[in-house]
Amino acid sequence: MAILNSKIPEGPISEKWTNHKSKINLVNPANKRHLDIIIVGTGLAGGSAAASLAELGYNVKTFCYQDSPRRAHSIAAQGGINAAKNYQGDGDSIYRLFYDTVKGGDYRSREANVYRLAEVSANIIDQCVAQGVPFARDYGGLLDNRSFGGVQVSRTFYAKGQTGQQLLLGAYSAMNRQIHRGKIRSFTRHEMLDLVIVDGKARGIIARNMVTGEIARHSAHAVVIATGGYGNVFFLSTNAMGCNVTAGWKIHKKGAFFANPCFTQIHPTCIPVSGDNQSKLTLMSESLRNDGRIWVPKKKEDAKAIREGQLKPTDISEADRDYFLERRYPSFGNLVPRDVASRAAKERCDEGYGVNITGEAVFLDFDSAIMRYGKEKANISGSTNSSDNEIRALGEGVIEQKYGNLFQMYEKIADENPYKTPMKIYPAVHYTMGGVWVDYNLMTTIPGCYCIGEANFSDHGANRLGASALMQGLADGYFILPYTIGDYLSGDILVGKIPNDTREFIAAEESVKNRLEQFISNNGSKSVDSYHKKLGKIMWGKCGMARNKKGLEEAQKEIRALREDFHKNVKVPGDLYSKNGELEKASRVSDFLELGELFAKDALEREESCGGHFREEYQSEEGEAVRDDKNFSFTAVWEYKPDISKSKLHKEKLVYGNIEVKTRSYK
Ligand SMILES: Cc1cc2nc3c(=O)[nH]c(=O)nc-3n(C[C@H](O)[C@H](O)[C@H](O)COP(=O)(O)OP(=O)(O)OC[C@H]3O[C@@H](n4cnc5c(N)ncnc54)[C@H](O)[C@@H]3O)c2cc1C
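About the criteria used
Residues numbered from 1 in each chain as written. Predicted model: local features only at pLDDT ≥ 70, side-chain atom pairs only at ≥ 80, totals over all residues. Heavy atoms only, no water. Helix = DSSP H or I, 4+ residues; strand = E, 2+ residues; numbered from the N terminus. Rg over C-alpha atoms; globule rule 2.2 N^0.38 Å. Buried < 20%, exposed > 50% of the residue type's maximum accessible area, 1.4 Å probe, protein only. Contact = heavy atoms within 4.5 Å. Areas by Shrake-Rupley, 256 points an atom, 1.4 Å probe, with all protein chains shown as cover. Lys, Arg positive; Asp, Glu negative; His and termini not counted. Charge placed at Lys NZ, Arg CZ, Asp CG, Glu CD. Salt bridge = Lys/Arg side-chain N within 4 Å of Asp/Glu carboxyl O. Near = heavy atom within 4 Å. Polar contact = N/O pair within 3.5 Å; in protein donor to acceptor, adjacent residues only side chain to side chain. Nonpolar A, V, L, I, M, F, W, Y, C, P; charged D, E, K, R; others polar. Axes fitted to C-alpha atoms, helices over the stretch in contact; angles between N-to-C directions. Parallel < 35°, antiparallel > 145°, perpendicular 65-115°, else oblique. Pairing = 2+ DSSP bridges. Expected span 1.5 Å × (residues − 1). UniProt positions renumbered as here; feature names shortened; annotations may be inferred. Phe/Tyr/Trp six-rings, centres within 6.5 Å; stacked < 30°, edge-to-face > 60°. Disulfide = S-S within 2.5 Å.

Caption draft 1: Broad picture of the overall build of the protein. Each helix and strand counted, the protein has 18 helices and 19 strands in total. Against the globule reference of 26 Å for 667 residues, the protein gives a C-alpha radius of gyration of 25 Å, in line with a compact fold. Principal-axis analysis of the C-alpha atoms places the extent of the protein at approximately 80 × 55 × 50 Å. Per-residue burial for the protein yields a buried fraction of 61% across its 667 residues. Within the protein, contacts between residues separated by at least 24 positions form 74% of all contacts whose residues are at least 6 apart in sequence. In the structure as shown, the protein presents an accessible area of about 25300 Å², 49% of it carried by carbon and sulfur atoms. Once the 89 positive and 82 negative side-chain charges of the protein are each reduced to a mean point, those two points are 3 Å apart.

Caption draft 2: The pattern of salt bridges, seen in detail. Applying the stated criterion across every chain, the model contains 58 salt bridges. With a shortest N-O distance of 3.8 Å, Arg348 and Asp322 are connected by a salt bridge. On the criterion of sequence distance, the pair formed by Arg348 in helix 10 (residues 338-353) and Asp322 in strand 13 (residues 321-322) is long-range, its members being 26 residues apart. For the residue pair Arg348 and Asp322, the accessibility class agrees, reading buried in each case. Where salt bridges share partners, they join Asp106, Arg108, Asp339, Arg343, Arg606, Glu608, Arg627, Asp629 and Arg664 into one cluster.

Caption draft 3: Seen up close, the site of the ligand. Near the ligand there are 37 residues, and of these Gln66, Ser74, Gly79, Met192 and Glu454 occur at the shortest range. One of the backbone nitrogen or oxygen atoms of Tyr65 is found 3.1 Å away from an oxygen atom of the ligand. For the ligand, an oxygen atom lies 3.5 Å from a polar atom in the backbone of Ala226. Where the shell around the ligand is concerned, the elements lending two or more residues are helix 3 (44-56), strand 6 (190-198), strand 15 (423-432) and helix 13 (469-489). For the shell around the ligand, the element with the highest residue contribution is strand 6, accounting for 3 residues. When grouped by side-chain class, the residues that make up the shell around the ligand number 16 nonpolar, 18 polar and 3 charged.

Caption draft 4: Main features of the packing of helix 6 (residues 163-181) against helix 13. The contact between helix 6 and helix 13 brings their axes to 12 Å, and the two run at 10°. Viewed along their axes, helix 6 and helix 13 adopt a mutual orientation that is roughly parallel. Across from Thr163, Gly164, Leu167, Gly170 and Ala171 in helix 6, the residues of helix 13 making contact are Leu470, Leu474 and Tyr478. Partitioned by chemical class, the residues of the contact of helix 6 with helix 13 number 5 nonpolar, 3 polar and no charged.

Caption draft 5: Geometry of the side chain of Thr42. Mapped onto the elements of the fold, Thr42 is located in the loop between strand 1 (36-40) and helix 3. What Thr42 contacts, discounting residues up to four positions off in sequence, is Gly47, Thr62, Phe63, Cys64, Pro69, Ala72, Leu168 and Met175.

Caption draft 6: Representation of the sheet that holds strand 15 in the model. Across the sheet, which stays open at both edges, the 5 strands sit in the order 11-15-14-12-13 with antiparallel pairing between neighbours. Only two strands of the sheet have a single neighbouring strand rather than two, namely strand 11 (264-270) and strand 13. Judged from the 2 bridges that link them, strand 12 (residues 293-297) and strand 13 form a sheet pairing that is antiparallel. Note on strand 13: the bridge partner recorded for Pro297 is Arg321. Contacts from helix 10 reach strand 11, strand 12, strand 13, strand 14 (362-365) and strand 15, with the element oriented near 65° to strand 11.

Caption draft 7: How the structure looks around helix 6. Given a rise of 1.5 Å per residue, 19 residues ought to cover 27 Å, and the 28 Å separating the end C-alpha atoms of helix 6 matches this to within 8%. All of the buried residues in helix 6 are Thr163, Gly164, Gln166, Leu167, Leu168, Gly170, Ala171, Tyr172, Met175 and Gln178. A positive backbone phi angle near 85° is found at Gly182, which sits one or two residues after helix 6.

Caption draft 8: How the structure looks around helix 3. A rise of 1.5 Å per residue sets the reference length of helix 3, with its 13 residues, at 18 Å; its end C-alpha atoms lie 18 Å apart and thus fit the reference within 8%. Here helix 3 lies mainly inside the structure; 11 of its 13 residues are buried. For helix 3, every residue scored as buried is listed here: Leu44, Ala45, Gly46, Gly47, Ser48, Ala49, Ala50, Ala51, Ser52, Leu53 and Ala54. Tucked inside the fold, the buried residues of helix 3 contact strand 1, strand 2 (59-63), helix 6, strand 5 (184-187) and helix 13.

Caption draft 9: Representation of the UniProt feature "active site" (unreviewed entry) in the protein in the model. As annotated in UniProt, the feature "active site" (unreviewed entry) corresponds to Arg338 in the numbering used here. The residue Arg338 is located in helix 10 in this model. With relative accessibility at 4%, the residue Arg338 sits in the buried group. Setting aside its immediate chain neighbours within four residues, Arg338 contacts Phe148, Gln265, Ile266, His267, Pro268, Glu286, Arg289, His430, Asn463, Arg464, Gly466 and Ala467. Polar side-chain contacts of Arg338 include one of 2.4 Å to the side chain of Glu286.

Caption draft 10: Focus on the environment of Lys402. Here Lys402 is to be found in helix 12 (residues 388-414). Look at Lys402 and you get partly exposed, because its relative accessible area is 26%. Considering only alpha carbons, one finds Lys402 and Gly161, 241 residues apart in sequence, at a separation of 7.7 Å. Every residue in contact with Lys402, bar those within four places of it in the chain, is listed here: Arg146, Lys160, Asp291 and Tyr373.

Caption draft 11: The arrangement of the sheet that holds strand 10 (residues 258-259) in detail. Ordered by their spatial adjacency, 4 strands build an open sheet running 16-10-18-19, and the pairing between neighbours is antiparallel. Because the sheet does not close on itself, it has two edges, and the strands there are strand 16 (435-436) and strand 19 (648-653). Both strand 10 and strand 18 (residues 634-639) contribute to a ladder of 2 bridges, which runs antiparallel. Directly across from Ala259, in strand 18, lies its bridge partner Val637. Sheet contacts for helix 17 (residues 581-605): strand 10, strand 18 and strand 19; angle to strand 18, the most-contacted strand, approximately 145°.

Caption draft 12: Expanded view of the pairing of strand 12. Of all 5 residues in strand 12, 4 are buried; the element is thus mostly enclosed. Taken together, the 3 bridges between strand 12 and strand 14 define a ladder with antiparallel strand orientation. Note on strand 14: the bridge partner recorded for Arg293 is Asp365.

Caption draft 13: Summary view of the packing of aromatic side chains. Taken as a whole and judged by the stated rule, the model has 26 aromatic pairs. Judged by centre distance (5.2 Å) and plane angle (65°), the rings of Phe98 and Tyr115 are edge-to-face. Separated by 17 residues along the polypeptide, Phe98 in helix 4 (residues 94-104) and Tyr115 in helix 5 (residues 111-131) bring together distant segments of the chain. Tyr115 shares its class with Phe98; the two are buried.

Caption draft 14: Looking closely at the state of the cysteines. A complete count under the given rule lists 0 disulfides for this structure. In this structure Cys543 is a free cysteine whose sulfur lies 8.9 Å from that of Cys262, the closest cysteine sulfur available. Take Cys543: its relative accessible area is 0%, and that puts it in the buried class.

Caption draft 15: Spatial organisation of the side chain of Thr156. Relative to the helices and strands, Thr156 is located in strand 4 (residues 156-157). Exposure remark for Thr156: the relative accessible area of 0% places this residue in the buried category. With near-sequence residues (within four places) excluded, Thr156 lies in contact with Gly79, Gly80, Ile81, Asn82, Asp144, Asn145, Arg146, Ser147, Phe148 and Ala467.

Quick look at the structure:
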């Protein structure tokens, strides 16, 4: 069994990373060309890591299941990326970003990692600007910022509502340069299905070519997992349909510990679920909360009349609207962190104030922003006698410039014009703070196996602040892993090429084939999706925004039973050696069915509420989360056992020497 050693360096927090970098072993440039690295996943984390490691001289092989790295889920990121640049002169600093992130995560993240993230954040923006990423600029040509939840400064860099796409194009161009140099071999439409361990070290992977079905062995001196989050364990989420836990779960089964699986982020501003046949949810970026105001009617009868189509939101007078976030959290208002905003919306809807047919929606209203911007513009152009309609048109122009693509997306999906009537939004599963446990060097408990980006658990504690995922993925990929992996690889320079015909590789390949063949030859009758949907219902109902002991105990049993049923009765048409989407799904869902049980177990064991983990038994009279620092100030780190109910819990104690641990307040 691996020993949990977070390898946090000694010394003052502001010097840890600099000192660590200067002391770790580096690989001599001449030796790097003898070292091979496999990177599974080419989203922002994996793509940036691949480009940087290849630039350093290592031989890199990348794998992704899309037909191009450009299509990784990172492309969906809308709102922006944080960095402590203090361009607005509003008092931002490395310490403040560190403080906001630890507080936002409800004091459940590792202090040293978060400080390093804040330090590195500024470099990311410089790197991306150098690559040509078209960040928004103000009238004078300087980089612009906007605000995200849980902070009182403006530190979010953005490219309209397409920040992830633009950053990914930057990383992809950098990757392409290395592909052209022959330093990266890119395997697209390939899915990693197992990790190969030789003499206790990660030495390769087994991957399936998703077009031909061919299963092949790939060897390397180190393996990096950068496969994103597992929000799709809930079936419905804002994640791309393909997002999965397979790589993280496979390495977990081979010895990598899994941390805080139950820490999930429910995002407050998503387009509400419309019916039972839906398979995807769409995010409306948090950046909209810069200008949008969230409300429900003050009177239940008004809410009911809106639900029944007898009243329109515009019929409700200002006095009859409850801007519940501004009422409950006057200092942060609509910009409270996501967990807080989500719970407040759920509370209003549970009380009967929901505004769509299902009763599960609140309004996100841009009317006052449109009028405010319109008046500002009218003043600038000197047309102070403009009519309300003219002012509105000017204001709509400003909103269109800032969020045009998001408004268009909303209109296409909801068939309502958000410039004229408020958007309807409701919380939905969005991001997973939990993930593969890594030490300060981003190495898992398997020597030579690293994990970066959303796939690891590292920096966000029990709740991630908006615009911090892109920051973390790129910090890991561009600036942290390229140093820390060298420390490990410096011990491998004399090892030579890793052969892929050893018994470990052959056995791993056989086991992948057998597993997939079992799905195909299983003469069941039920579709993979039917199981995924059922799992999602259990997860959302019993492990979702609010959890309690009884529900979590039931969830574990129900998931176990569902998993058994799945393996007996699932039907997977087609064959192994050709393109087979149902087979891919079956393999992913079977991993979700195992992870789901550990998720519920983790949530049950954590008898406190913190961040996105809300245990109904542990709440204040006002419905706020109540932490138990005495007993639960630790990262829950799970060791795999074939009977998941017997998974072994290790605790990484969280020590805060540079921040006062308090009850979170956004009032
Ligand atoms: C709608 C939406 C909007 C968001 N907006 C923001 C935002 O504005 N700001 C912000 O900071 N964060 C945002 N986030 C979160 C952020 O986008 C993600 O956390 C981040 O992009 C994850 O990057 P990643 O590189 O870790 O993983 P991903 O981008 O998910 O990439 C995963 C990679 O792994 C590959 N992969 C997965 N499994 C396998 C396998 N078994 N074999 C081979 N390859 C595999 C995939 O092909 C892909 O290349 C948003 C998230 C969503 C859902």
